[in-house]
Amino acid sequence: WLLLSCCCFRFDKMAAPPAKKAKLSQPERLTGADIRQRLHSGERCYGTCSISTSPLWPATLASAGSDVVFIDTEHVPIPRDTLAWMCQCFKALGVPPITRVPEPEPYKVCEYIDAGACGIVAPYMETKKQVLDLIGATKLRPIKGVKLAKILEGLTPIKPEDGKLTNEKLYEQVDKILGETETSTFMKKKNANNVLLLNIESIHAVENLEQLVSLPGVDGCLVGPHDLSCNYGVPEQWTSDVFHGAIDKIIDTCTKYSIGCGIHYGFMNAVEYQIKWAKRGANLIMHSNDRRLVANQIKEDFDAIRKGAGDSSVETSESSANCA
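Residues numbered from 1 in each chain as written. Predicted model: local features only at pLDDT ≥ 70, side-chain atom pairs only at ≥ 80, totals over all residues. Heavy atoms only, no water.

> Looking at this structure, I do not really get the overall build of the protein chain. What am I missing?
Secondary structure summary: the protein chain contains 15 helices and eight strands in total. Counting over 324 residues, the protein chain shows a buried share of 46%. Residue pairs in contact within the protein chain that sit at least 24 positions apart in sequence constitute 67% of those at least 6 positions apart. Accessible area of the protein chain: about 16500 Å², with a carbon and sulfur share of 56%. (Helix = DSSP H or I, 4+ residues; strand = E, 2+ residues; numbered from the N terminus. Buried < 20%, exposed > 50% of the residue type's maximum accessible area, 1.4 Å probe, protein only. Contact = heavy atoms within 4.5 Å. Areas by Shrake-Rupley, 256 points an atom, 1.4 Å probe, with all protein chains shown as cover.)

> Help me understand the packing of helix α7 (residues 145-154) against helix α8 (residues 166-178), please; the structure alone is not making it clear to me.
At their nearest, the axes of α7 and α8 sit 9 Å apart, and the two run at 115° to each other. Where α7 crosses over α8, the two elements pack in a sense that is right-handed. Taken together, the residues of α8 that come into contact with α7 (itself represented by Lys147, Lys150, Ile151 and Gly154) are Gln173, Val174, Ile177 and Leu178. Looking at the contact of α7 with α8 residue by residue, the classes come out as four nonpolar, two polar and two charged. (Axes fitted to C-alpha atoms, helices over the stretch in contact; angles between N-to-C directions. Left-handed = near helix turned anticlockwise from the far one by under 90°. Nonpolar A, V, L, I, M, F, W, Y, C, P; charged D, E, K, R; others polar.)

> Please explain the nonpolar core as it appears in this structure.
Soluble globular proteins tend to pack their nonpolar side chains together in the buried interior. Residues Ile135, Leu140, Leu198, Ile250, Tyr265 and Trp277 are the most contacted members of the largest nonpolar core, which totals 82 residues. The element contributing the most residues to this core is helix α13 (residues 241-256), with six residues. Leaving out residues up to four positions away in the same chain, Ile135 has contacts with Leu140, Leu155, Leu170, Leu196, Leu215, Pro216 and Val218. (Core = buried A, V, L, I, M, F, W, Y, C linked by side-chain atoms within 4.5 Å.)

Purely spatial values, then, with no claim about function.
Dropping the structure here:
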């Protein structure tokens, strides 16, 4: 009996091994190179604009499923040292930071990349020279001066069917211009995680968009809807056919060249419009900003609580969002 009991005890122990803990799925950690590949392949990237400089915020946005984060220093007062730790923190969490510089100035762009930015956006891009300057700052670093000017002067537009290979075409042209391959090999490796987006905000930019996006090294466009609506003479008229026609043309041109396209939008019908534009071909879903989203959620909760508690509703003004 004792022997039988021991055998049964051992059998029970062997038959019931401790249950393994289920592994929780972790969000994919992305790099700038991953974002660039997605933009050119048509795969969607999701992000929002981060105005908050709280140290707790990067992990919050990462846990919410952000593929990228947009940090805007054109409209938001963020000093360089704060920008640097924001970029480094987001990047460490696998959420590549796309930053908007105050102006399309190449030396300023280099500062932002040194701070940790993976993507660069510059406001009101309208001319070939502006785009070439940013190609030099993002894709041809650290070359500057006369040698950079020689390269930029020699760059020629690519064909629409070569859009997915725009960066490869850029360095092929650099090799021909310089007559050697060592420089481009180094630059390609050094700038592998740099993404260049053009901020499209005017009639002139839309009408000349093919001239801008066909330059080798451009990875996509980010529409500034507020300035675009004003430039078209329909300020903040978000249902205007003129406004939507301009955005459709931008999306179609980007699709033609196999580069990314996004609309940084957070105004009326924001979710509906983001879905509409995504279905048309926009693949950089840059939705609103943290300040607006938090304000909207607080208002919605307060309205529900007031109604449930029997209190009268309170009229509130729409949260301004200059960076949208």
